[in-house]
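# A closer look at the structure
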Amino acid sequence: MLAKRIIPCLDVKDGTTVKGVNFVNFRDAGDPVALGAEYSRMGADELVYLDITASHEGRKTFTELVKRVAAYINIPFTVGGGINELSDVEKLLNAGADKVSVNSAALRRPELIGEIARNFGSQVCVVAIDARREDGDWLCYLNGGRIPTGKDLFDWAAEAQQRGAGEILFTSMTHDGVKKGYANDALARLAERLCIPVIASGGAGAIAHFRDAFTLGKADAALAASVFHFGEIEIPALKRELAAGGIEIRH
């Protein structure tokens, strides 16, 4: 069994790390490069940087910031936001990113997933899915949770895998920032349906929530933001407790 991964997520808006609740009401969480370097020192396994308004504002993501991150950080990191074509992927990989995350662009043009996988390898292509529970169904959203698509989470994740995605990053908009635990039922359904890794996102508020994401949700990695940014959970303590509970994690 592969060791579980702990992944801090840095949502970047106007050059600053921010964190919201249910995708709105953002507050400042600090410099994205300094934060990333600190997480690297503390034992994070990977980082995710998301330019959270790039798709909504119709612009490209932040290549210059990626270069700065790559200069200071020695763990793998994924970059997402405003990636619409292969040239965007190439620029980010050349700037130092290890993987790219595509969300809105992949929903609008699913062929993009296969293009990235064929040109750069499936391991580079993370398909991020923002979904909300509505009347018992999990439905996907575009543009940072602003536009409903009516597309089913589980069907879309399976299609993304079939098209060449290397990982699925599933964020529950229902759980985002609420700190009451991850969407473990939905995560478990994804894990049963897919053979690629699933990253849990949205809902971390306590160490027990990470444990549940790995045991109940069968997630391969757990991503969180505010509990790390604001010092509520420290990565070394989190890893110690998970290991003491019998969960295989990286040290």
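Residues numbered from 1 in each chain as written. Predicted model: local features only at pLDDT ≥ 70, side-chain atom pairs only at ≥ 80, totals over all residues. Heavy atoms only, no water.

### Observations concerning the pairing of strand S12 (residues 221-224)
Here S12 shows no split at all, with Ala221 and Leu223 on one side and Ala222 and Ala224 on the other all buried. Sheet topology note: the strand S11 (residues 198-201)/S12 ladder contains three bridges and is parallel. Its bridge partner lying in S12, Ser201 is registered against Leu223. In this fold, S11 hands off to helix H9 (residues 207-215), which returns the chain to S12; that crossover is right-handed. (Buried < 20%, exposed > 50% of the residue type's maximum accessible area, 1.4 Å probe, protein only. Helix = DSSP H or I, 4+ residues; strand = E, 2+ residues; numbered from the N terminus. Pairing = 2+ DSSP bridges. Right-handed = clockwise from strand over helix to strand, strands pointing away.)

### Considering helix H6 (residues 111-120)
Listed in full, the buried residues belonging to H6 are Leu112, Ile113, Gly114, Glu115, Ile116 and Ala117. Directly after H6, the chain includes Gly121, whose backbone phi takes a positive value near 100°.

### A short note on the environment of Val227
Checked against the element boundaries, Val227 lands in helix H10 (residues 226-229). As for Val227 and Ala165, which are separated by 62 residues in sequence, their C-alpha atoms are 28 Å apart. Apart from the residues lying within four places of it in its own chain, the contact partners of Val227 are Lys179, Ala204, Gly205, Phe210, Glu232 and Ile233. (Contact = heavy atoms within 4.5 Å.)

Interpretation in functional terms is not warranted from these geometric data alone.
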